[in-house]
Amino acid sequence: TPLDRIRNFSIIAHIDHGKSTLADRLIQRTGGLTDREMSAQVLDNMDIEKERGITIKAQTVRLNYRAKDGLDYELSLMDTPGHVDFAYEVSRSLAACEGALLVVDAAQGVEAQTLANVYQSIEHDHEIVPVINKIDLPAAEPDKVKKEIEDIIGISAEDAVLASAKSGIGIDEVLEAIVTRIPPPKGDREAPLKAMLVDSWYDPYLGVVILVRVVEGVLRKGQEIKFMATGTRHLVDRVGCMRPKIEQLTELAAGEIGFITAQIKEVSQTAVGDTITDAKKPTAEALPGFKTVQPVVFCGLFPVDAADFEKLRDSLYKLRLNDASFSFEAESSAALGFGFRCGFLGLLHLEIIQERLTREYDLDLITTAPSVVYKIQLAHGKGELDLHNPADMPDVMQIASIDEPWIEATIYVPDEYLGSLLKLCQDRRGIQKNLTYVSGRAQITYELPLNEVVFDFYDRLKSISRGYASFDYHQIGYREGDLVKMSIMVNAEPVDALSMIVHRSTAETRGRGMCERLKDLIPRHLFKIPVQAAIGGKVIARETIAAMRKDVTAKCYGGDASRKRKLLDKQKEGKKRMREYGSVQIPQEAFIAALRMG
Ligand code: GTP
């Protein structure tokens, strides 16, 4: 296909504004699928994605479209993941395109997450076509949304396409806008091969499938290629595109998006953003922007039933086949037994993996408090240490200083919730950078320690704003902090799964909260149980669980034997799910509940 007939674009949208519905409509209109195949939403092809309504892995589709000028065009729609945890993947998908459709819900207006992606798109010099979706809704206010797009994002919305992906309004206009407004790609097909590895995933039949954007040269079946960052060589055995069904081709030339397979066994052998070149006739320079992604949030995952350890390991291996961005290594805890320390790109990523383990692999898990990675400067010039697990914190005497990761957050919130929101950020050691008002909503920029965000910031944000606030962040580096390790002791025994690293200024509040919750969660025993939070040897909070007075069965008056047995059975059942601390038994639920910061 000649370059001037190719258009590569992505769709930027806030969650639920209708990205997948619009994509499906475009596929349907250009004939990629029959109506019956359309009945299931196509682009979001994982169960969890469907249920949670989020796009996790980038997918791409090639559409053939005969435009009003009578010419045939090849449109490649690149789907991008819709969450901040996957910001780097998003940046690579955007780098593979020349333009973007900006989908904004006509009733909801512009939201924070949309902003971050739009700014990225603008940085990539994209032509942005605003699409105001859901105009069929009675609450739609397209003119207000146009003004918001202009005021907030600073691009013209005069020619915004008004659409309803659901009712099929404006779909032809969207297709025409793609052809007439988004520029064709540039690139020399005679130059040595230079292609970007945009994404990869594991397919049980094809092995690892790699999504590529060819920038220069041609990628052919049978060609020997080289990954410039990882340095490995492979033989291309399939070249093709998705419509969205797989179609094999003989080549992909400069300007085109498609996929290849090259007998690669694991996605961990492929790096998103890497440059693919011809092994025999390599390009001189790799594409810019390559980065190795590192997990930023860590937590321990332990099977509730110790017998599930092997199953958990197998399941983690299987999940990693398709997601090289999370890590795991075996860990043992006095409290929780054998499990794994896992690293994730962010909290949502953690939740996705946790949920898949529970749901698809049917595992009952305990998750320890999520923690960020701290950089510890050791005393006496003994170097630096990356701390992933509070349990591994060296003795205070060995520490010169501790640095923690900070983020810059953009929060977008209706006026009436602004006060409580500012208080939340302030309580979390936030530093306010900016506050502006646009169309009845406040846009706030805050610098926050990531440590204060990983616990329950997002849930709190949503609850104080009744779901109206939106939140987006990126990391801005490490800063020194007065951080200490807080241990929790039950009956004078430290419970390592509950220990966490906290800022000295918030330690007491956190400690008290944890003790209070545990007091309610740990059942009474025959003796008094002290529950304490301590820093070093110093107790900063304390609660006492009073001793139990009577046997549980006492209230059965000894009369009804079957009822009594039932109660005892229930107790036995409960026992299985308890962990013993010294002589104190803590139910599993207590861990989970205690870790949920309130
Ligand atoms: P993510 O996958 O989470 O990014 O969401 P999305 O942006 O892909 O949204 P999706 O297409 O899943 O649509 C979200 C909801 O809005 C669904 O319930 C759709 O049926 C609905 N929806 C999408 N387009 C329209 C529209 O034009 N009008 C109306 N009324 N509803 C729509």
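For the structure itself, look to the data block above.
Residues numbered from 1 in each chain as written. Predicted model: local features only at pLDDT ≥ 70, side-chain atom pairs only at ≥ 80, totals over all residues. Heavy atoms only, no water.

A.B. asks: I would appreciate a short explanation of the packing of helix 10 (residues 418-427) against helix 12 (residues 457-464) in the present structure.
C.D. replies: Two measures define how a pair of helices packs: the angle their axes make with one another and the distance between the axes. Here helix 10 crosses helix 12 at 165°, and the two axes come no closer than 10 Å. Comparing their axes, helix 12 and helix 10 come out roughly antiparallel. Helix-helix and strand crossings are classified by hand; for helix 10 and helix 12 the assignment is right-handed. The residues of helix 12 that touch helix 10, namely those facing Ser420, Leu421, Leu424 and Cys425, are Phe457, Arg460, Leu461 and Ile464. Classifying every residue of the contact of helix 10 with helix 12 gives six nonpolar, one polar and one charged. (Axes fitted to C-alpha atoms, helices over the stretch in contact; angles between N-to-C directions. Helix = DSSP H or I, 4+ residues; strand = E, 2+ residues; numbered from the N terminus. Parallel < 35°, antiparallel > 145°, perpendicular 65-115°, else oblique. Left-handed = near helix turned anticlockwise from the far one by under 90°. Contact = heavy atoms within 4.5 Å. Nonpolar A, V, L, I, M, F, W, Y, C, P; charged D, E, K, R; others polar.)

A.B. asks: In this structure, what is going on with helix 4 (residues 87-95)? I would like to understand it.
C.D. replies: Three- or four-residue spacings in an α-helix give side chains the same orientation, since the helix completes a turn every 3.6 residues. Along helix 4, seven of the nine residues are buried, which leaves the element largely enclosed by surrounding structure. Looking at helix 4, one finds that the buried residues are Tyr88, Glu89, Val90, Ser91, Arg92, Ser93 and Leu94. (Buried < 20%, exposed > 50% of the residue type's maximum accessible area, 1.4 Å probe, protein only.)

A.B. asks: Please explain the packing of aromatic side chains as it appears in this structure.
C.D. replies: All chains considered together, the criterion is met by nine aromatic pairs. An angle of 10° between the planes, with centres 6.1 Å apart, marks the rings of Phe326 and Phe344 as stacked. Here the residue Phe326 occupies a position in the loop between helix 8 (309-322) and strand 18 (327-333), and Phe344 occupies one in strand 19 (residues 337-344), the gap between them amounting to 18 residues. Judged by its relative accessible area of 1%, Phe344 is buried. Grouped by ring-pair contacts, the aromatic residues Phe309, Tyr317, Phe326, Phe328, Phe338, Phe340 and Phe344 constitute a single cluster. The ring of Trp406 is capped by Arg479, whose NZ or CZ atom sits 4.6 Å from the centre of that ring. (Phe/Tyr/Trp six-rings, centres within 6.5 Å; stacked < 30°, edge-to-face > 60°. Lys NZ or Arg CZ within 6 Å of the ring centre and 35° of its normal.)

A.B. asks: Explanation requested: the sheet that holds strand 7 (residues 194-203) in the structure shown.
C.D. replies: The pairing of strands in a sheet comes from backbone hydrogen bonds and takes either a parallel or an antiparallel form. Here we have eight strands laid out as an open sheet, ordered 11-10-16-7-8-15-12-13, and antiparallel in their pairing. Across the chains shown, the open sheet's two edge strands, defined by having one partner strand only, are strand 11 (233-235) and strand 13 (246-249). Each strand of the sheet is rotated relative to its neighbour by a mean of 40°, with strand direction disregarded. Pairing between strand 7 and strand 8 (residues 207-216): nine bridges, direction antiparallel. Across the sheet, the residue bridging to Trp201 is Val209, located in strand 8. (Pairing = 2+ DSSP bridges.)

A.B. asks: So what exactly am I meant to see when it comes to the nonpolar core here?
C.D. replies: Nonpolar side chains in soluble globular proteins tend to be buried together. If you look at the biggest cluster of nonpolar residues, it comprises 81 residues, and the most contacted ones within it are Leu357, Phe457 and Phe471. Each residue touching Leu357, except ones within four places of it in the same chain, is listed here: Leu301, Leu312, Ser315, Leu316, Leu319, Asp362, Leu363 and Leu365. If you look at the next biggest cluster of nonpolar residues, it comprises 28 residues, including Val61, Leu75, Ile178 and Val179. (Core = buried A, V, L, I, M, F, W, Y, C linked by side-chain atoms within 4.5 Å.)

So, to be careful, I would describe these as geometric facts and stop short of saying anything about function.
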